[in-house]
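The residues making up each chain are set out below.
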Protein chains: 2
Amino acid sequence: MKPYVLGIDIGGTNTVFGLVDARGVVIASASIKTQKHAKIDDYIDELYREATRLIEANDAQGKIHGIGIGAPNANYFTGTIEDGVNLPWPTPIPLAQLMSDKFGIPVAITNDANAAAIGEMTYGAARGLKDFIMITLGTGVGSGIVINGQLVYGHDGFAGELGHMIVKRNNGRLCGCGRTGCLEAYCSATGVARTAREFLEIRTESSQLRNLPVDQITSKDVYDAAMQGDKLAQEIFEYTGTILGEAFADMMVFSSPSAFILFGGLARSGELLLKPLRNAMEKSMLKCFQGKAKVLLSELKEADAAILGASALGWEAKPASAPSAPSAVPATPLAQ
Amino acid sequence: MKPYVLGIDIGGTNTVFGLVDARGVVIASASIKTQKHAKIDDYIDELYREATRLIEANDAQGKIHGIGIGAPNANYFTGTIEDGVNLPWPTPIPLAQLMSDKFGIPVAITNDANAAAIGEMTYGAARGLKDFIMITLGTGVGSGIVINGQLVYGHDGFAGELGHMIVKRNNGRLCGCGRTGCLEAYCSATGVARTAREFLEIRTESSQLRNLPVDQITSKDVYDAAMQGDKLAQEIFEYTGTILGEAFADMMVFSSPSAFILFGGLARSGELLLKPLRNAMEKSMLKCFQGKAKVLLSELKEADAAILGASALGWEAKPASAPSAPSAVPATPLAQ
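Residues numbered from 1 in each chain as written. Chains lettered and ligands numbered in written order. Predicted model: local features only at pLDDT ≥ 70, side-chain atom pairs only at ≥ 80, totals over all residues. Heavy atoms only, no water.

Draft legend 1. Quick look at the overall build of chain A. When its secondary structure is counted, chain A shows nine helices and 10 strands. In terms of its C-alpha atoms, chain A occupies a principal-axis envelope of roughly 65 × 45 × 35 Å. Looking at chain A as a whole, 58% of its 336 residues qualify as buried. Restricting the contact set of chain A to residue pairs at least 6 apart, pairs at least 24 apart contribute 62%. (Helix = DSSP H or I, 4+ residues; strand = E, 2+ residues; numbered from the N terminus. Buried < 20%, exposed > 50% of the residue type's maximum accessible area, 1.4 Å probe, protein only. Contact = heavy atoms within 4.5 Å.)

Draft legend 2. Examining the packing of helix α5 (residues 189–202) of chain A against helix α7 (residues 231–255) of chain A more closely. Residue and element names in this part refer to chain A. Where α5 contacts α7, the two axes come as close as 10 Å, and the packing angle between them is 125°. Here α7 runs oblique to α5, going by the angle between their axes. Crossing of α5 over α7 shows right-handed handedness. Facing Val192, Thr195, Ala196, Phe199 and Leu200 of α5, the residues of α7 in contact are Leu232, Glu235, Ile236, Tyr239 and Thr240. For the contact of α5 with α7, the class distribution of residues is seven nonpolar, two polar and one charged. (Axes fitted to C-alpha atoms, helices over the stretch in contact; angles between N-to-C directions. Parallel < 35°, antiparallel > 145°, perpendicular 65-115°, else oblique. Left-handed = near helix turned anticlockwise from the far one by under 90°. Nonpolar A, V, L, I, M, F, W, Y, C, P; charged D, E, K, R; others polar.)

Draft legend 3. Representation of helix α7 (residues 231–255) of chain B within the structure. Residues and elements named next belong to chain B. With 25 residues, α7 extends 36 Å from end C-alpha to end C-alpha; this agrees with the ideal 36 Å at 1.5 Å per step. With 18 of its 25 residues buried, α7 lies for the most part within the structure. At the N-terminal boundary of α7, the capping side chain belongs to aspartate 230, with an oxygen 3.3 Å from the backbone nitrogen of leucine 232. In the stretch just after α7, serine 256 is the one whose phi turns positive, near 40°. (Expected span 1.5 Å × (residues − 1). Polar contact = N/O pair within 3.5 Å; in protein donor to acceptor, adjacent residues only side chain to side chain.)

Draft legend 4. Here's a closer look at the relation of the copies chain B and chain A. When chain B is fitted to chain A, the best match, at an RMSD of 0.0 Å, comes from turning it 180° and sliding it 0.0 Å along the axis. Accordingly, the operation relating the two chain copies is best matched by a two-fold axis. Here 100% of the interface residues in chain B have copies in chain A that are interface residues too; the copies meet face to matching face. (Least-squares fit on C-alpha atoms with pLDDT ≥ 70 in both.)

Draft legend 5. Looking closely at the packing of aromatic side chains. Here the structure, examined in full by the defined rule, presents 17 aromatic pairs over all chains. Site record: aromatic cluster; members linked through ring pairs are Tyr76, Phe77 and Tyr153 of chain A. (Phe/Tyr/Trp six-rings, centres within 6.5 Å; stacked < 30°, edge-to-face > 60°.)

Draft legend 6. How the structure looks around the sheet that holds strand β8 (residues 150–151) of chain A. Residue and element names in this part refer to chain A. What the five strands build is an open sheet, ordered β8-β7-β6-β9-β10; its pairing is mixed. Whereas interior strands pair on both sides, the edge strands pair on one side only; in this sheet they are β8 and β10 (294–297). Sheet topology places strand β6 (residues 132–137) next to strand β9 (residues 259–263); five bridges connect them, and they run parallel. Following the sheet pairing, threonine 136 is matched in β9 by phenylalanine 263. Packing against the sheet, α7 makes contact with β6, β7 (141–147) and β9, and its axis sits at approximately 150° to β6. (Pairing = 2+ DSSP bridges.)

Draft legend 7. Seen up close, empty space enclosed by the protein. This model, assessed by the stated rule, comprises three cavities of 30 Å³ or more. What lines the largest cavity is Met165, Asp250, Met251 and Phe254 of chain A together with Leu162, Met165, Asp250, Met251 and Phe254 of chain B. Every element with two or more residues in the lining of the largest cavity is listed here: α7 of chain A together with α7 of chain B. When its residues are assigned to classes, the lining of the largest cavity shows seven nonpolar, no polar and two charged. The volume enclosed by the second largest cavity comes to roughly 70 Å³. For the second largest cavity, the full set of lining residues is Ile166, Val167, Lys168, Arg169 and Asp250 of chain A together with Ile166, Val167 and Arg169 of chain B. Looking at side-chain class alone, the lining of the second largest cavity contains four nonpolar, no polar and four charged residues. (1 Å grid on protein atoms, 1.4 Å probe; cavity = no way out; pocket = protein on both sides within 12 Å on 5 of 7 lines; lining within 4 Å. Points joined across faces, edges and corners; volume = space filled by probe spheres on them.)

Draft legend 8. Local environment of the interface of chain B and chain A. Each side of the interface is counted separately: chain B has 41 residues, and chain A has 41 residues. Buried area between chain B and chain A, summed over both chains or domains, comes out near 3,600 Å², and the portion from carbon and sulfur atoms is 58%. Area buried by chain B at its contact with chain A is led by His155, Arg169 and Phe254 of chain B, which between them contribute 22% of it. Joining chain B to chain A, the criterion identifies six salt bridges. Summed over the shared surface of chain B and chain A, the number is 18 residue pairs in polar contact (both at pLDDT 80 or more). Looking at the side of chain B that touches chain A, the elements that each hand over two or more residues are β7 (141–147) and α7 of chain B. (Buried area = accessible area lost by both parts, 1.4 Å probe. Salt bridge = Lys/Arg side-chain N within 4 Å of Asp/Glu carboxyl O.)

Draft legend 9. Layout of the environment of leucine 273 of chain A. Residues and elements named next belong to chain A. Structurally, the position occupied by leucine 273 is in helix α8 (residues 271–284). In this structure, the C-alpha to C-alpha distance between leucine 273 and methionine 121, residues 152 residues apart in sequence, is 23 Å. Leaving out residues up to four positions away in the same chain, leucine 273 has contacts with Leu137, Phe237, Thr240, Gly241 and Leu266.

Draft legend 10. Highlighting helix α5 (residues 189–202) of chain B. All names here are of chain B. Over its 14 residues, α5 runs 20 Å from end to end, which matches the ideal 20 Å to within 8%, given 1.5 Å per residue. For α5, the full list of buried residues reads Ala189, Gly191, Val192, Ala193, Thr195, Ala196, Phe199 and Leu200. Residues of α5 that are buried make contact with α4 (184–187), α6 (219–227) and α7.

Draft legend 11. Seen up close, the environment of threonine 80 of chain A. Residues and elements named next belong to chain A. Mapping threonine 80 onto the fold places it in the loop between β4 (64–70) and α2 (95–103). Owing to a relative accessible area of 14%, threonine 80 belongs among the buried residues under this scheme. Distance from threonine 80 to glycine 181, taken between C-alpha atoms, is 29 Å for residues 101 residues apart in sequence. Setting aside its immediate chain neighbours within four residues, threonine 80 contacts Asn73, Ala74, Asn75, Pro92, Ile93, Pro94, Leu95 and Ile109. Polar contacts involving the side chain of threonine 80 include one to the side chain of threonine 78, which spans 2.8 Å.

Draft legend 12. Fine view of the pairing of strand β1 (residues 4–10) of chain A. Residue and element names in this part refer to chain A. Within β1, seven of the seven residues are buried, which leaves it mostly tucked inside the rest of the structure. Examined bridge by bridge, β1 and β4 share six bridges and lie parallel to one another. Residue pairing for β4: valine 5 is matched across the bridge by glycine 66. Here β1 folds back onto strand β2 (residues 14–21), and the loop between the two strands holds three residues.

Draft legend 13. Quick look at the packing of α7 of chain A against α8 of chain A. Residue and element names in this part refer to chain A. At a closest axis distance of 7 Å, the pairing of α7 and α8 adopts a crossing angle of 40°. Put simply, α7 runs oblique to α8. Relative to α8, α7 is oriented so that their crossing is right-handed. From α7, Gln234, Phe237, Glu238, Thr240, Gly241, Thr242, Leu244, Gly245, Glu246, Phe248 and Ala249 reach across to α8, where they touch Leu272, Leu273, Pro276, Leu277, Ala280, Met281 and Ser284.

Draft legend 14. Focus on the environment of valine 222 of chain B. Residue and element names in this part refer to chain B. Mapped onto the elements of the fold, valine 222 is located in helix α6. Distance in space between the C-alpha atoms of valine 222 and arginine 179 is 26 Å, their sequence separation being 43 residues. Ignoring sequence-local partners within four residues, the contact set of valine 222 consists of Val192, Ala196, Leu209, Ile217, Ala233, Ile236 and Phe237.

Draft legend 15. Region of the structure containing the sheet that holds β1 of chain A. Residues and elements named next belong to chain A. The strand order across the open sheet formed by five strands is β3-β2-β1-β4-β5, and the pairing between neighbours is mixed. Looking along the sheet, the strands with just one partner apiece sit at the ends: β3 (26–33) and β5 (107–110). With direction set aside, neighbouring strand axes in the sheet form an average angle of 15°. Sitting on the sheet, helix α3 (residues 112–123) touches β1, β2, β4 and β5, and the angle it makes with β5 is about 115°.

Set out below in structure tokens:
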């Protein structure tokens, strides 16, 4: 097996990429602006130039086993970025095909939360775990589910959208997906800010959050206030952690993971979030699962995590055929 | 491979068992009373005598590939029946070990809903499906989840308890598990009867259900009334189907199955249940999953289903080692 993989994380603003070895060391990394090119071909040309520069500077020509890409709405089975994403090019985008044509290297793609789960399993807190659920708490709530050592893609490649579990069946908050009551509307960074605005409107207690323009309050503001002892801000974290813990208990009856692994900005809130989360999870748990699931934090370095997650998928990339897709699904056009 | 398996379904009242061939034909079957023996060894002795009689009568001595058992709280990984079941013997019961010691044939065990899923995949409506969820609607609500062709057992063997998803987070009905708001408290046969009692108390419309002693109303009574045009009874099915459909939409974001397969008494209610179920499911579905999942009825013959489901597991039974358990789990003591 060749000694390196190339990991690429395509975000709405930046595309970061890096050369990674089998131990999960990011040898070198760089980035380009995702939005710079109106045509996908021009974007891929620049990515190819910059990645090649990185590869050559590190003497890695001919030593790349595969390319792994994490991107919004990226489908592992079809190799395409599907509709409904905030990227400058028309969708669907046959990204795996375009990239493997350009690089002459096998390519595998998946969405960013799935990539994070694979990264955690390969290099992070989930090493040795066969059954776990990765939850990314950022602007939204993403998830990657691993069962018996395999990432769950579902029949169509779209499984693992746990940010869109319904946690409030009645009078739930409107979610970006158009429905109401989704987990993401409560337990993302945005959700925390919404809770802050709700609490400030409904409740009468004093809070240092009242000194801020209400429309501009962020989850970071709530965190800072809570750490300074602001009771209302602490309650906002209790509310958030409780909803997340109740949701984890519901996920448990599905796949009985041995751990939930948290990643993303909100996960760095530490015990402010984790304490109510664990309490609510155990309190809500079906008896046979009580005390069984750990709640862990990601062990990937923040700066490297996106590249590492994507790169781990690069080890799975196979030339000339689908990456172990179910037989009912058309073969992914991965090879050139 | 030897040509037959022995399928055994252990219920609270009866234990039914049958000789099954590779095409899923039940060659012969019989039953004994589960409650007859106070000691598990005596029960297994009788089961052995009766099963041997069946095997000899059909010239199948030495031709049994394996024994598959479906039983309440039976754990595939450990081979034991765990605590908290309505059986006459002290738990945990090392059933796989006891049975393989007695029969000299490899044994695999799992709970009845998982056995139903394996049966459906091997012989029924799920043939050729890689990703589906089996839902059994009986006295309770059971489930067996199949992802990428494999039954989901979770890290401890207890995954797939979807009857205990929380569908009413506030003011939910008390469930047999001790928590409130579980799917099972609404969408089981018992749940339908509870809904009937609630509706009759709260609502004022006339209904032929009012002619029955309210404590004795069963889901069958509600079905009969609904089929005779009773509006309130029809609404009870709408209520039940709607809750089930909303729950299916939530299961979809987890594993994105291509089908939900219904089994059990309530599933025979047909369109009374299926119409509101499908409507609610599609209405509640995250956009990327709309129109993708089928709702199917079991294709196993009612009389044979329990035996077939258990027997299908018999093909997986392996001598002298665990049935592909994760390495973190102690090896199942299957062989003698």
